[in-house]
Amino acid sequence: MNSSAKVSPVESAPALQPEVSVVIPVYNEAANLAPLWERLSRVMESLGRPWEVVFVDDGSTDRSPEILRAIAGAAWLRVRVVELARNFGQHAALLAGFRRCRGEMVVTLDADLQNPPEEIPKLLAALEAGNDVVGGWREERQDPLLRRVASRLHNRVTSAIVGVRMNDYGCMLRAYRRQIVDTVVQCDEKAAFIPALATSFAGRVAEVPVVHQRRAGGASKYNFLRLLNLSLNLITGFSLAPIQALSVAGLAVFALDVLLALALLAHRIIYGPQEEGALWVLFAVLFLFISFILLALGLIGEYIGRIYQEVRRRPTYLVRTVYGGEPPPPAD
Ligand code: UDP
Ligand code: MG
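Rules and cut-offs
- Residues numbered from 1 in each chain as written.
- Chains lettered and ligands numbered in written order.
- Predicted model: local features only at pLDDT ≥ 70, side-chain atom pairs only at ≥ 80, totals over all residues.
- Heavy atoms only, no water.
- Near = heavy atom within 4 Å.
- Polar contact = N/O pair within 3.5 Å; in protein donor to acceptor, adjacent residues only side chain to side chain.
- Areas by Shrake-Rupley, 256 points an atom, 1.4 Å probe, with all protein chains shown as cover.
- Nonpolar A, V, L, I, M, F, W, Y, C, P; charged D, E, K, R; others polar.
- Helix = DSSP H or I, 4+ residues; strand = E, 2+ residues; numbered from the N terminus.
- Buried < 20%, exposed > 50% of the residue type's maximum accessible area, 1.4 Å probe, protein only.
- Pairing = 2+ DSSP bridges.

1. What about the site of ligand 1?
Then comes step 1: The environment of ligand 1 is made up of 18 residues, and the closest members are D58, D112, R147, S220 and K221.
Then comes step 2: In this structure, A111 approaches ligand 1 through a main-chain N or O atom, which is 2.8 Å from an oxygen atom.
Then comes step 3: Relative to its unbound accessible surface of 530 Å², ligand 1 loses 95% to contact with the protein.
Then comes step 4: Taken together, the residues of the shell around ligand 1 sort by class into five nonpolar, five polar and eight charged.

Right under this line is the structure:
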């Protein structure tokens, strides 16, 4: 089969500086790329503004690279293909795409047509209404039940630890402002969960409901272990709660132990010395030591947590604008 024959060239004059970039991670999506490009290019043309698409081939072993080459051949100035040396994972692929896209507004999209490209104008409109990050919200998700339940829990946890409430952190149909994309690129994190990282730098965030469809072709690239790994990236990447739980446990054991000691003392005063009293005192001493050990571990954990936050080198803050301190520009 000749894949280039299926790809229609794009008509409008290409711009060297696109306003809108679409970044798409691709891992063995040969069945979906041609229809994706067909629908996506039609939507992008209808925007009436300069655009580009950055496909990131995440080490596909099927015909995806070949098809991407054909698409790029048909729309050279519109399409950029980044081929990764091997499979590095969806979020690493997105990062690679972020680094090479040029638009003021950046949209991310899955290659499997679960996210309809026709929703992109809605996201861009919300971005232009003054938001830094716009998330797609799959109100009616077309995924297995177990996956949907896990995802609901995941969104609760993510909202809590990122500190921004969102219904759907997992939807990859999202739009970002340039400043946010640059900041995410600058972080260059190994275990990044891009939607959460980007949202953590955004002041103005919106969610727009988007249609979610069944995968057009091929199979999901995520099994239970990969999803678990992604969730762990998220929790350890944004929160010191697991480490801090140690100190809390130490304090709790200490408090309970104080209560136990007081109860033993009261018992002794009221009823006098008992035979099994020594055993109880031994317990109280044992739990005292346990609480010390937990607190010591928690203290070490606090230092490690702070070291971890420092080595990540995430920006401490993000400036939106600075003004004043110089004469205002002449009014026209
Ligand atoms: N993907 C990728 N690298 C991977 C796994 C997935 O680039 O290691 C891409 C995949 O091609 C698709 C998107 O990430 O464009 C989402 O993957 P998938 O549809 O399998 O995830 P699901 O929809 O099941 O969450
Ligand atoms: Mg999918």
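Read on, since the account is not over.
2. Concerning unusual backbone geometry
Then comes step 1: The phi torsion at N28 lies on the positive side, around 50°, for a residue other than glycine.
Then comes step 2: Mapped onto the secondary structure, N28 falls in the loop between β1 (20–26) and α1 (30–46).
Then comes step 3: Overall, the relative accessible area of 21% leaves N28 in the partly exposed class.
Then comes step 4: Positive phi outside glycine occurs at R313, with the angle close to 55°.

3. Here's the deal with the pairing of β1
Then comes step 1: The element β1 is largely enclosed, with a buried count of seven among its seven residues.
Then comes step 2: Here β1 shows no split at all, with V20, V22, I24 and V26 on one side and S21, V23 and P25 on the other all buried.
Then comes step 3: Two strands pair when backbone bridges link them, and β1 and strand β2 (residues 51–57) are joined in this way by seven bridges, in the parallel orientation. In the sheet register, V20 faces β2, and the bridge partner there is W51.
Then comes step 4: With four bridges connecting them, β1 and strand β4 (residues 105–108) associate as parallel partners. Bridge pairing links S21 to V106 in β4.

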